[in-house]
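# Topology and contacts: notes
As a plain string of letters, each chain reads:
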Amino acid sequence: AQSVTQLGSHVSVSEGALVLLRCNYSSSVPPYLFWYVQYPNQGLQLLLKYTSAATLVKGINDFEAEFKKSETSFHLTKPSAHMSDAAEYFCAVSPSWNTGNQFYFGTGTSLTVIP
Amino acid sequence: DTGVSQNPRHKITKRGQNVTFRCDPISEHNRLYWYRQTLGQGPEFLTYFQNEAQLEKSRLLSDRFSAERPKGSFSTLEIQRTEQGDSAMYLCASGRSENTEAFFGQGTRLTVV
């Protein structure tokens with residue numbers, strides 16, 4: 001069974017500060033992992049994905065995430081927060097075998113950026 | 001590439017009525033997914049198609065929910081006899097079977113009154 005746990009439903013950072021959003025996964029086999037961002041009343045936009053290549057993954061808007069198998073984690077970071085980063089962030093897992101690429105999402109972390 | 005398009009964006013319906021939502025995927029994508037997202041939660045997988053075949057539907061929430069993709073292009077999601085608990089955002093996504101990515105539409109927000 002696949003599942004994702006996002007620690008911290010709300011995170012606040014100051015503009016220019018480091019962003020760290022936590023994600024831990026549970027999977028019986030190495031999964032594919034994703035981070036999506038959702039702005040109010042919008043769909044989800046892919047930030048980055050891990051598909052068993054490099055463990056440090058770089059995405060759009062200077063976001064990156066590191067896959068750590070020993071910790072079953074895939075935390076999202078950004079060196080310097082911008083006001084436009086305020087949004088809901090979802091971590092998702094998909095089995096690495098061909099089961100239709102169904103995604104299992106975490107409950108999300110709402111990021112607030114303080115000016 | 002115009003992205004995944006969903007219509008309508010908003011739907012308000014009375015309890016007991018039937019509603020149908022449409023999703024137009026990215027044209028070259030053979031896979032199409034439906035998700036439901038309730039307030040404060042992540043999207044929840046409902047069903048998916050590869051071309052016109054519905055390959056997974058056990059996660060549909062009840063027999064009041066059904067989906068079709070008759071020609072392997074656009075898809076519809078129908079909810080019969082709507083209940084207040086059906087109020088949610090319904091998201092559609094599309095992708096290629098050889099690729100892990102899914103591209104999401106902006107969703108249809110359903111309010112059942």
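See the structure printed just above.
The structure presented is a predicted model; accordingly, all values stated were derived computationally and were not measured.

## As for the overall build of chain B
Check the secondary structure of chain B and you find zero helices and 11 strands. Ordered by position from N to C terminus, the α and β elements of chain B give β-β-β-β-β-β-β-β-β-β-β. In summary, chain B has a C-alpha radius of gyration of 13 Å against a globular reference of 13 Å for 113 residues, a match within 12%. Taken over the C-alpha atoms alone, chain B extends approximately 40 × 25 × 25 Å along its principal axes. The 113 residues of chain B split such that 47% are buried. Considering only residue pairs separated by 6 or more positions, chain B has 52% of its internal contacts joining residues 24 or more positions apart. Put simply, chain B shows about 5,600 Å² of open surface, and 43% of that area lies on carbon and sulfur atoms. Averaged over its 15 positive side-chain charges, chain B has a centre that lies 7 Å from the centre of its 13 negative ones.

## Topic: the pairing of strand 6 (residues 44-50) of chain A
All names here are of chain A. For strand 6, a buried count of five out of seven residues is recorded, marking the element as mostly surrounded by other parts of the structure. Sheet topology places strand 5 (residues 32-38) next to strand 6; six bridges connect them, and they run antiparallel. What sits directly across from Gln 38, in strand 6, is Leu 44. Connecting strand 5 to the next strand, strand 6, in antiparallel fashion are five residues, including Asn 41 with a positive phi near 55 degrees.

## As for the packing of aromatic side chains
Overall, the coordinates contain 19 aromatic pairs over all chains when judged by the stated rule. Ring centres of A:Phe63 and A:Tyr89 lie 5.6 Å apart, and the angle between their planes is 45 degrees; this geometry places the pair in the tilted category. Linking A:Phe63 in the loop between strand 7 (56-58) and strand 8 (64-68) with A:Tyr89 in strand 10 (residues 87-94), this pair joins segments that are 26 residues apart in sequence. Using a relative accessible area of 2% as the deciding quantity, one classes A:Phe63 as buried. Looking at A:Tyr89, the relative accessible area reads 0%, which means it is buried. An aromatic cluster is present here, built from A:Phe34, A:Tyr36, A:Phe90, A:Phe103, A:Phe105, B:Tyr33, B:Tyr35, B:Phe45, B:Tyr48 and B:Phe104 joined pairwise through their rings.

## Examining the pairing of strand 5 (residues 44-50) of chain B
All names here are of chain B. By the criterion of burial, strand 5 is predominantly enclosed, with five of the seven residues buried. Judged from the six bridges that link them, strand 4 (residues 31-37) and strand 5 form a sheet pairing that is antiparallel. For Tyr 35, the partnering residue across the bridge sits in strand 5 and is Phe 45. Here strand 4 folds back onto strand 5, and the loop between the two strands holds six residues, one of which, Gly 40, carries a positive phi near 80 degrees. Looking at chain direction, strand 5 and strand 6 (residues 53-56) are connected through three bridges and run antiparallel. Within strand 6, the residue paired with Phe 49 across the bridge is Gln 54. Two successive antiparallel strands, strand 5 and strand 6, enclose a turn made up of two residues, where Asn 51 displays a positive phi of approximately 55 degrees.

## Thoughts on the interface of chain B and chain A
Opposite the 24 residues of chain B that make contact, chain A presents 22 residues. For the pair chain B and chain A, the summed buried surface comes to about 1,900 Å²; carbon and sulfur atoms form 48% of the total. If you sort the residues of chain B by the area they bury against chain A, B:Pro43, B:Thr100 and B:Phe104 come out on top, with a joint share of 28%. At the junction of chain B with chain A, the criterion picks out one salt bridge.

## Quick word on the nonpolar core
Core analysis: the largest hydrophobic core is formed by 26 residues, its most contacted members being A:Trp35, A:Leu48, A:Phe74, A:Leu76 and A:Tyr89. Contributing elements (two or more residues each) for this core: strand 2 (10-14), strand 3 (19-21), strand 5, strand 6, strand 8, strand 9 (73-78), strand 10 and strand 12 (109-114) of chain A. Here this core takes four residues from strand 10 of chain A, the largest share from any one element. By size, the runner-up hydrophobic cluster in this structure holds 19 residues, among which are B:Val4, B:Leu46, B:Phe65 and B:Tyr90.

Thresholds applied
Residues numbered from 1 in each chain as written. Chains lettered and ligands numbered in written order. Predicted model: local features only at pLDDT ≥ 70, side-chain atom pairs only at ≥ 80, totals over all residues. Heavy atoms only, no water. Helix = DSSP H or I, 4+ residues; strand = E, 2+ residues; numbered from the N terminus. Rg over C-alpha atoms; globule rule 2.2 N^0.38 Å. Buried < 20%, exposed > 50% of the residue type's maximum accessible area, 1.4 Å probe, protein only. Contact = heavy atoms within 4.5 Å. Areas by Shrake-Rupley, 256 points an atom, 1.4 Å probe, with all protein chains shown as cover. Lys, Arg positive; Asp, Glu negative; His and termini not counted. Charge placed at Lys NZ, Arg CZ, Asp CG, Glu CD. Pairing = 2+ DSSP bridges. Phe/Tyr/Trp six-rings, centres within 6.5 Å; stacked < 30°, edge-to-face > 60°. Buried area = accessible area lost by both parts, 1.4 Å probe. Salt bridge = Lys/Arg side-chain N within 4 Å of Asp/Glu carboxyl O. Core = buried A, V, L, I, M, F, W, Y, C linked by side-chain atoms within 4.5 Å.

Keep in mind that these numbers describe shape and distance, not what the molecule does.
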